[in-house]
Amino acid sequence: MKTSKIALTASAVIMTLSLVMTACSSNNPASTGTPSASSSPSASSTAAEPGATSEASESPNPLGKYDTPIEITSVRNYNQGTKFIEGDNENVNTWTRAYEEELGIKLKYDWITTGTSDQYYQKLNLSIASGDLPDTFAVDAKTLKQLVEADQLEDLTEAYEKYASPLLKEAIAEYGDVGLGASTVNGKLMALPVTGSGDYSGSEVLWVRQDWLDKLSLPEPKTWDDVLNIAQAFTEQDPDGNSKKDTYGIPISKDINGYPDLQGFFNAYQGNPSNVAWKQYMWIKDPSGDGLAYGSIQPEVKSALAKLQELYKAGIVDPEFGVKDTAKALEGITGGKAGMYFGYGWAMNWPLGEAVQKDPTANWVAYPIPTADGQPLKLSYYFPLNQWYVVKKGSANPEAIIKMANLYLEKLAPQTVTVESNLKYGKSEDGIEIINMALINSAFVTANMNSAATIRAAVEAKDSSKLKPDQAATYDEIMKYIETKDPKYWVQYSFMKTMEVVDGYIAGNHYKSSLYGGPPTKTMVQKQAILDKLELETFTKIIMGAASIDEFDKFVAQWKQLGGDQITAEVNEWYAASQ
């Protein structure tokens, strides 16, 4: 399934390279993943690298250290909830030290945001407008297009050819022609793709507190009626046993499809709306024609909103979601007030890991999402590349970002990682995600799935002899959890079990991809922000009962009038040319 999906998008990209680059959407500019690969440059290859004036040497070293340290400026966003090991902070941490000590790169942040991608891009747009750009920074497709057209970016073609390690090239090659094709304009590599962002381990699952199910003698959620009944019971039957009406079934944030989100809920009604909070736009086959249609204006979305309005009125959806950002919304989970939610497959890292540490009896279990009509689930799946790193035109050392990406894989790829390096650069013994401090990562799309399957087979056989060092360490933690139920080892155990659900999704072809792979159209650039605001406000009002469900039809009409029809025409012009 992965091959066919990427191949489809690749052919579309090839046919539209002259436009600029493929468009996709950004999650968080600080997002990271767990890497995997099959080859790597030698860890002992650390000979000193010439200074900035000697980088064109005949045999460049992908991990070579500059004789004279260089300074690279950047900007970034940290996810809400990011934690640092003692003594470290946003500016100085394990990864900034590694860049300096091993590569001779002093990384300096001009500014940092903590929150959503919107906050990051709002500030980045100010930097772009003022002409005050750092040497390197993360961009989404829209910003990449803007900077290319303004001739503000450095051509990375030569730097990539000379300095990209075999492992980095392999990670990008996993995307087929999309990997470099989506980053190339008129034969020039204008950005380094951040790979791994389309990993299936991020698939939506239904997370449920199994201990609450057991306490209330409720069945596992096998049907949609089961899901709704469980959500109601978690709201009305005092599952936490404190004799107060202070629990609810479904937490969401004010962004609706931000985090925690409702993507899985909409998918249960066969709806595939966009995630406007993270700029992930869903274009599906037009049910009434041959082209593409916008997912958020389809009748299935209306059906889901009608049910959400009903659940909100009953207190099953967090009554205060309209004023809660991500951090506040997730407090319902970490604070033991919410009993289920639709979330990503990696959510055991955050926020569920924190929830279990606070309350070891909180047994969160991942289930496949049932559908309201009993038909096969189709999870929304977005274009697998949604973020790039670029270098400001005129920067003295464009190869520096390539080297930092190389170092990330050198430390954490399965072929080179050790228990010690994983603890130092990946995840600490007390569960802190040090990996999130890295400026750039280049993980593999299939990494988490492959690793989980390998470890699961070893656990079932009770034989870790064939596992790699990092996998063996994970295996040991899983076995300790099975034996002791120590919450310290819950995350690894939960990830292994959750990937079983995702494996089932893959086997059943339970994904619906966004089919638009072109650059942001002219009208998207002009009108998308207005349309996004309209969509979020309308959906929020409907859910909260401030507007009737009929407001959805008015929204569709407004969306079309305010630019949606023109965007649809532009999207279909691209789609017709790509067939």
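Preceding this paragraph is the structure being described.
Residues numbered from 1 in each chain as written. Predicted model: local features only at pLDDT ≥ 70, side-chain atom pairs only at ≥ 80, totals over all residues. Heavy atoms only, no water.

Within the chain, the secondary structure is distributed over 20 helices and 16 strands. Relative to all contacts within the chain whose residues are 6 or more apart in sequence, the contacts with residues 24 or more apart total 75%. Carbon and sulfur atoms make up 50% of the accessible area of the chain, which totals about 22,800 Å². (Helix = DSSP H or I, 4+ residues; strand = E, 2+ residues; numbered from the N terminus. Contact = heavy atoms within 4.5 Å. Areas by Shrake-Rupley, 256 points an atom, 1.4 Å probe, with all protein chains shown as cover.)

With that settled, the discussion passes to unusual backbone geometry. Here the residue pair Tyr259 and Pro260 is connected by a cis peptide bond, since its omega of -5° sits within 30 degrees of zero. Take Pro260: it is sitting in the loop between helix H9 (224-236) and helix H10 (263-268). If you check the backbone angles, Ser243 has positive phi at about 60° while not being a glycine. With respect to the helices and strands, the residue Ser243 is situated in the loop between H9 and H10. Phi is positive for Lys279, which is not a glycine, with a value near 60°. In this structure, Lys279 sits in the loop between H10 and strand E10 (283-285).

For helix H12 (residues 326-334), every residue scored as buried is listed here: Thr326, Ala329, Leu330, Gly332, Ile333 and Thr334. Considering only its buried residues, H12 is in contact with strand E12 (340-344), helix H13 (348-358) and strand E13 (364-367). The opening residue of H12, the one whose side-chain oxygen lies 3.3 Å from the backbone nitrogen of Ala327, is Asp325. Residue Gly336 follows H12 closely and has a positive phi angle near 75°. (Buried < 20%, exposed > 50% of the residue type's maximum accessible area, 1.4 Å probe, protein only. Polar contact = N/O pair within 3.5 Å; in protein donor to acceptor, adjacent residues only side chain to side chain.)

This structure, assessed with the given rule, holds four cavities of 30 Å³ or more. Volume-wise, the largest cavity comes out at about 40 Å³. Lining the largest cavity, in full, are Asp255, Ile256, Asn257, Ser274, Val276, Glu535, Leu536 and Phe539. Considering only residue class, the lining of the largest cavity consists of four nonpolar, two polar and two charged. (1 Å grid on protein atoms, 1.4 Å probe; cavity = no way out; pocket = protein on both sides within 12 Å on 5 of 7 lines; lining within 4 Å. Points joined across faces, edges and corners; volume = space filled by probe spheres on them. Nonpolar A, V, L, I, M, F, W, Y, C, P; charged D, E, K, R; others polar.)

Let's shift gears to the nonpolar core. Grouped together as the largest cluster of nonpolar side chains are 90 residues, with contacts concentrated most on Ile250, Phe265, Trp283 and Trp364. Broken down by element, the residue count for this core peaks at eight residues, all from helix H20 (residues 551-578). Dropping the residues within four chain positions of it, Trp283 is found in contact with Leu292, Ala293, Tyr294, Ser513, Ser514, Leu515, Tyr516, Met524, Trp559, Ile567, Thr568 and Val571. Residues Phe137, Val148, Leu168 and Met437 belong to the second largest nonpolar core, which totals 73 residues. (Core = buried A, V, L, I, M, F, W, Y, C linked by side-chain atoms within 4.5 Å.)

What follows is about the sheet that holds E13. Taken in spatial order, the three strands make up an open sheet running E12-E9-E13, and their pairing is antiparallel. Either end of the sheet is taken by a strand with one partner, and the two such strands are E12 and E13. The sheet shows a mean angle of 35° between the axes of neighbouring strands, taken without regard to direction. Both strand E9 (residues 204-209) and E13 contribute to a ladder of four bridges, which runs antiparallel. The residue bridging Trp207 from the neighbouring strand is Ala366, located in E13. Strand contacts of H9: E9 and E12, with the helix running at about 120° to E12, the strand carrying the most contacts. (Pairing = 2+ DSSP bridges. Axes fitted to C-alpha atoms, helices over the stretch in contact; angles between N-to-C directions.)

Between the first and last C-alpha of helix H3 (residues 117-130) there are 20 Å, a value that for 14 residues agrees with the 20 Å anticipated at 1.5 Å per step. All buried positions along H3 are accounted for by Ser117, Tyr120, Tyr121, Leu124, Ser127 and Ile128. Across the axial projection of H3, the buried residues extend over an arc of 115°, all falling on one side. In H3, those exposed residues whose orientation departs by more than 90 degrees from the buried face are Gln122, Leu126, Ala129 and Ser130. Where H3 terminates, the next one or two residues include Gly131, which has phi positive at roughly 75°. (Expected span 1.5 Å × (residues − 1). Arc of directions from axis to C-beta.)

Take the packing of H13 against helix H18 (residues 490-507) next. The description of two packed helices rests on the angle between their axes and on the distance between the axes. The geometry of H13 relative to H18 is characterised by a closest axis approach of 10 Å and an angle of 130° between their N-to-C directions. By the angle between their directions, the pair H13 and H18 is classed as oblique. In this structure, H13 meets H18 at a crossing whose hand is right-handed. Here Met348, Asn349, Leu352, Gly353 and Val356 of H13 come into contact with H18, specifically with Trp490, Val491, Ser494, Phe495 and Thr498. (Parallel < 35°, antiparallel > 145°, perpendicular 65-115°, else oblique. Left-handed = near helix turned anticlockwise from the far one by under 90°.)

Here Val365 shows up in strand E13. C-alpha separation for the pair Val365 and Trp207, spaced 158 residues apart in sequence, amounts to 5.6 Å. Residue contacts for Val365: discarding those within four places in its chain leaves Leu206, Trp207, Val208 and Gln210.

Turning our attention to the environment of Lys285. Along the chain, Lys285 turns up in strand E10. Taking relative accessible area as the criterion, Lys285 reaches 47% and is therefore assigned partly exposed. Here the alpha-carbon distance between Lys285 and Ser514, two residues 229 residues apart in the chain, equals 9.0 Å. What Lys285 contacts, discounting residues up to four positions off in sequence, is Asp290, Gly291, Leu292, Ala293, Leu515 and Tyr575.

Further remarks concern the side chain of Asp135. Inspection of the secondary structure assignment puts Asp135 in the loop between H3 and strand E5 (136-139). Of note is the side chain of Asp135, whose polar atom sits 2.9 Å from the backbone nitrogen of Thr73. A polar contact is formed between the side chain of Asp135 and the side chain of Ser395, at a distance of 3.3 Å. In this structure Asp135 touches Glu71, Ile72, Thr73, Val390, Val391, Lys392 and Ser395, once residues within four positions along its chain are discounted.

A full pass over the atoms with the stated rule returns 31 aromatic pairs. Ring geometry for Trp212 and Phe234: centres 5.2 Å apart, planes at 85°, overall edge-to-face. Of this pair, Trp212 sits in helix H8 (residues 210-215) while Phe234 sits in helix H9, and the two are 22 residues apart along the sequence. In this pair, the class of Trp212 matches that of Phe234, namely buried. Taken together, Tyr259, Trp278, Tyr344, Trp346 and Trp350 form an aromatic cluster joined through their ring pairs. Above the ring of Tyr78, the side-chain terminus of Arg76 is found at 3.9 Å from the ring centroid. Its end group placed over the ring of Tyr66, Lys403 keeps NZ or CZ at 4.2 Å from the ring centre. (Phe/Tyr/Trp six-rings, centres within 6.5 Å; stacked < 30°, edge-to-face > 60°. Lys NZ or Arg CZ within 6 Å of the ring centre and 35° of its normal.)

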